[in-house]
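Below are the chains, spelled out letter by letter.
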Amino acid sequence: MIQATEIDPIPEATAHIARLAFPKGNLCIKMRDEIGTIYCDKDFEALFSTQGQPAKSPWRLALVCVLQYINDMTDRQAADAVRGRIDWKYALSLELTDPGFDYSILSEFRARLIAGGVETTLLDNLLKQFKEKGIVKDKGKQRTDSTHVLAAIRKLNRLENVAETLRAALNAIREASCLRQIATVAPDWLHEWVPQEWFERYKRPVDEYRLPKGVAARYEYAETIGNDGMQLLIAIYEEETTPQWLRQIPAIEILRQTWIHQYYMDYTDISSGEPGKLRWRKAVDLPKAGNRFNSPYDTDARYGNKRSTTWTGYKVHITETSDANYVHLITNVETTQAQFSDVDQTEPIHKELESKDLTPGEHIVDAGYVDSNLMVKSQTDFEIELIGPVRPNVSWQAKTPGGYDISQFRVDWEAKTVTCPQGQKSTTWTPAIDKWGNSGISVKFPSKTSRNCDFRHLCIKSKSESEPRKLRLRPKEEHEIIQTIRKQQDTDEWKERYNTRAGIEGTLSQGINAFGLRQARYRGLPKVRLQHINTEVAFMV
């Protein structure tokens, strides 16, 4: 239960001792004096019941979470600091004799934040205060970049993964059975039928050095695990005497999906009357890396690949202000699974900034966040100029001196015709959608004109003389902005504007080295997202 009340002033004795101990102040004292408490109980009122025992003040718990990340503490260390550190008691308006709270309350509070969907309150409240103080420039400049985040799990190969998935499912059933026995004196379903050899096979974590050596032996071992897992799934889903609550255990659903990813049923001998056999999938037959589980202990952690870096975990996108003569503040944090590309996050970032009334006039990003559609939509939907390098024209015509690449053609959008450098006009104009779902226009020139042109060698490489020149245009706004940016990005003026982006690299470096940004503390995307929000609040404070 919580009853929102006004925040107590700093007790007189606490303030007196804190001033004596820190005559010049320290981070906690200056934070309370300059920024205040940042949060209040009303910010979290919806997370608590109106009945029951009184809860610890949520504004204090939120501030403890921030202080915990500033000092890189565990929950137990943070709870000890609340009891023992004078500067923390000053920031939290606590009496010197206040006994604090049990460290488990912090975990419970984080779970409430996630369940209530108010994790961003921790960052948004701070930004709101900064904006009221005029520290954030309206419609100013902001920049974004991302870095990889390693999941808090052991890296597993395919064989280790399936074995650990089955082992995790067996352990989950055992734990659930024990709880049921305590509550209802129900029989232990697992012990009633499980083969004795399973206890030896799955009693300890599966490690690479314990696995069989050689391709054939490993293939046989993989199918042994697969058949064991299939036997368990059949017992749970098909036998009428199996308790229904077993199907509700999350580890069982993880087992089922993992077996779909890693195995298939082979019915090649079905004509002879033999049943289908479970087979280990070849690497080429596996689902995409981003669509399958890499560990049963964190199913949100996915395989990521960015240039030469590969990892299993997540990706975090940091956006910060970059106006000259202003403090650079982090305005948004987006945490995603590792397989999603940067360009997928540009529009969600703009929507988040708009919801906070923090949309920039200029948003400076690297090439990974840019495409022609986004450059147009950012301007029309959010009034944001998206500044970033577009990919150069890689056609052979663009690489050939004097070649007739797409920039050499004049487009008459009203007449729906294209004129080549030699003055010849196109004859077809066909709107079409490519295999990636992008809208565009297919343009073709007359075969006779192309065949008889003296400059065909600069335009067409086809050995067939009847092959005409074909072009694919983006929609008008996208075509024009791409051609404009390709010309601008080679100028000194554009390069000077874009150089501002480099500052975000320093922010990421500080987050990685000082706050452990690249290592997840928790398992699961919601918890890792909350970790990153806490990290960025601590970063700014």
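Look above for the structure.
Asks: I'm lost on the environment of Cys459 in this one. Help?
Replies: With respect to the helices and strands, Cys459 occurs in the loop between helix 16 (447-452) and strand 13 (470-473). A sequence separation of 54 residues divides Cys459 from Asp405, and the C-alpha atoms of the two residues are 7.5 Å apart. The residues contacting Cys459, other than those within four sequence positions of it, are Trp396, Gln397, Tyr404, Phe409 and Arg469.

Asks: Help me out: how do you make sense of the packing of aromatic side chains in this one?
Replies: Counted according to the given criterion, the structure contains 10 aromatic pairs. Plain terms: the ring middles of Tyr404 and Phe455 are 6.4 Å apart, the flat faces sit at 35° to each other, and that makes the pair tilted. Here the residue Tyr404 occupies a position in the loop between helix 15 (396-399) and strand 9 (410-412), and Phe455 occupies one in the loop between helix 16 and strand 13, the gap between them amounting to 51 residues. On the accessibility criterion, Tyr404 (10% relative accessible area) is buried. Residue class for Phe455 comes out partly exposed when judged on its relative accessible area of 33%. Aromatic side chains Phe409 and Phe445 sit 5.7 Å apart centroid to centroid with 55° between the ring planes, which places their arrangement in the tilted category. In this pair, Phe409 sits in the loop between helix 15 and strand 9 while Phe445 sits in the loop between strand 12 (439-444) and helix 16, placing the two residues 36 residues apart along the sequence. For Phe445, a relative accessible area of 4% puts it in the buried group.

Asks: Would you mind going over the pattern of salt bridges with me for this structure?
Replies: Side-chain pairs of opposite charge can arise whenever the charged atoms involved come near each other. One pass over the full model with this rule turns up 28 salt bridges. Between Arg60 and Asp8 there is a salt bridge, and its shortest N-O distance comes to 3.9 Å. Taken together, the positions of Arg60 in helix 3 (residues 58-70) and Asp8 in the segment before helix 1 (12-21) put the pair 52 residues apart, joining distant regions of the chain. Classification of Arg60 by relative accessible area gives buried; the value is 18%. For Asp8, a relative accessible area of 42% puts it in the partly exposed group. When the shortest N-O distance is used, the salt bridge between Arg279 and Glu223 registers 3.7 Å. With Arg279 in strand 3 (residues 277-280) and Glu223 in helix 11 (residues 215-237), this residue pair connects regions lying 56 residues apart in the sequence. When its relative accessible area of 12% is taken as the criterion, Glu223 is described as buried. Bridged by salt links that share partners, the residues Arg154, Glu160, Asp207 and Arg210 form one connected network.

Asks: Teacher, can you tell me more about the pairing of strand 4 (residues 302-306) here?
Replies: The side chains of a regular strand alternate, residue by residue, between the two faces of the sheet. With 5 bridges joining them, strand 4 and strand 5 (residues 309-321) adopt antiparallel strand pairing. In the sheet register, Asn305 faces strand 5, and the bridge partner there is Thr310. Two successive antiparallel strands, strand 4 and strand 5, enclose a turn made up of 2 residues, where Arg307 displays a positive phi of approximately 55°.

Asks: Please clarify how the nonpolar core should be interpreted in this entry.
Replies: One broad rule of soluble globular proteins: the nonpolar side chains tend to lie buried together. The biggest cluster of nonpolar side chains holds 75 residues, and the ones touching the most others in it are Tyr39, Phe44, Trp88 and Leu122. With 10 residues, helix 3 is the single largest residue contributor to this core. In contact with Phe44, other than residues within four places in its own chain, are Tyr39, Pro58, Trp59, Ala62, Phe109, Leu113, Thr121 and Leu122. Listed in part, the 33 residues of the second largest apolar core include Ala163, Ala169, Val194 and Leu233.

Asks: Explain helix 7 (residues 121-132) here, please?
Replies: Three or four residues apart is the spacing at which side chains of an α-helix point the same way, because the helix has 3.6 residues per turn. Look at helix 7: 16 Å from first C-alpha to last across 12 residues, which is about the 16 Å you get at 1.5 Å a residue. Thr121, Leu122, Leu123, Asn125, Leu126, Leu127, Gln129 and Phe130 are the residues of helix 7 that are buried. On the buried face of helix 7, the contacting elements are helix 3, helix 6 (104-116), strand 6 (330-337) and helix 20 (525-540). In the segment just after helix 7, Gly134 is the residue with positive phi, at about 80°.

Asks: Please clarify how the packing of helix 19 (residues 503-515) against helix 20 should be interpreted in this entry.
Replies: Contact geometry for helix 19 and helix 20: axes closest at 11 Å, N-to-C directions at 105°. Considering the angle they form, helix 19 stands roughly perpendicular to helix 20. Contacts from Thr507, Gln510, Gly511 and Phe515 in helix 19 reach Thr535, Ala538 and Phe539 in helix 20. Residue composition of the contact of helix 19 with helix 20, by class: 3 nonpolar, 4 polar and no charged.

Asks: Would you mind showing me how to read the sheet that holds strand 13 here?
Replies: Sheet strands line up and pair through hydrogen bonds in the backbone, either parallel or antiparallel. Taken together, the 3 strands give an open sheet; going across it, the order is 11-12-13, and neighbouring strands pair in antiparallel fashion. Either end of the sheet is taken by a strand with one partner, and the two such strands are strand 11 (428-433) and strand 13. The mean inter-strand angle of the sheet, taken between neighbouring strand axes irrespective of direction, is 25°.

Asks: Would you take a moment to explain the pairing of strand 6 for this structure?
Replies: Most of strand 6 sits inside the fold, with 8 of its 8 residues counted as buried. Direction of pairing for strand 5 relative to strand 6: antiparallel, over a ladder of 7 bridges. Looking at strand 6, one finds that Lys315 is bridged to Thr336.

Asks: What should I look at first to understand the side chain of Glu334 in this one?
Replies: For Glu334, the location among the structural elements is in strand 6. A distance of 3.5 Å separates polar atoms of two side chains, one belonging to Glu334 and the other to Asn332. In this view, Glu334 contacts Lys315, Val316, His317, Gln345, Pro348, Ile349 and Glu352; residues no more than four positions away in its chain are not counted.

Asks: Help me understand unusual backbone geometry in this model?
Replies: Residues other than glycine seldom take positive phi values, yet Ser93 does so here, at roughly 55°. By the secondary structure assignment, Ser93 is in the loop between helix 5 (86-91) and helix 6. A residue is classified by how much of its surface remains accessible, and Ser93, at 5% relative accessible area, is buried. A positive phi is found at Glu383, a non-glycine position, where the angle reads about 60°. Tracing the sequence through the fold places Glu383 in the loop between helix 14 (372-382) and strand 8 (385-387).

Asks: What's the story with the packing of helix 13 (residues 346-355) against helix 14 in this structure? I'm lost.
Replies: When two helices pack together, their arrangement is given by the angle between the helix axes and the distance between those axes. With their axes 11 Å apart at the nearest point, helix 13 and helix 14 run at an angle of 15° to one another. Compared by their axis directions, helix 13 and helix 14 come out roughly parallel. The interaxial crossing formed by helix 13 with helix 14 has right-handed handedness. On helix 14, the residues touching Thr346, Glu347, His350, Lys351 and Glu354 of helix 13 are Leu374, Lys377, Ser378, Asp381 and Phe382. Residue composition of the contact of helix 13 with helix 14, by class: 2 nonpolar, 3 polar and 5 charged.

Reading the values: the criteria
Residues numbered from 1 in each chain as written. Predicted model: local features only at pLDDT ≥ 70, side-chain atom pairs only at ≥ 80, totals over all residues. Heavy atoms only, no water. Helix = DSSP H or I, 4+ residues; strand = E, 2+ residues; numbered from the N terminus. Contact = heavy atoms within 4.5 Å. Phe/Tyr/Trp six-rings, centres within 6.5 Å; stacked < 30°, edge-to-face > 60°. Buried < 20%, exposed > 50% of the residue type's maximum accessible area, 1.4 Å probe, protein only. Salt bridge = Lys/Arg side-chain N within 4 Å of Asp/Glu carboxyl O. Pairing = 2+ DSSP bridges. Core = buried A, V, L, I, M, F, W, Y, C linked by side-chain atoms within 4.5 Å. Expected span 1.5 Å × (residues − 1). Axes fitted to C-alpha atoms, helices over the stretch in contact; angles between N-to-C directions. Parallel < 35°, antiparallel > 145°, perpendicular 65-115°, else oblique. Nonpolar A, V, L, I, M, F, W, Y, C, P; charged D, E, K, R; others polar. Polar contact = N/O pair within 3.5 Å; in protein donor to acceptor, adjacent residues only side chain to side chain. Left-handed = near helix turned anticlockwise from the far one by under 90°.

Limitation: the analysis is restricted to geometry and does not speak to function.
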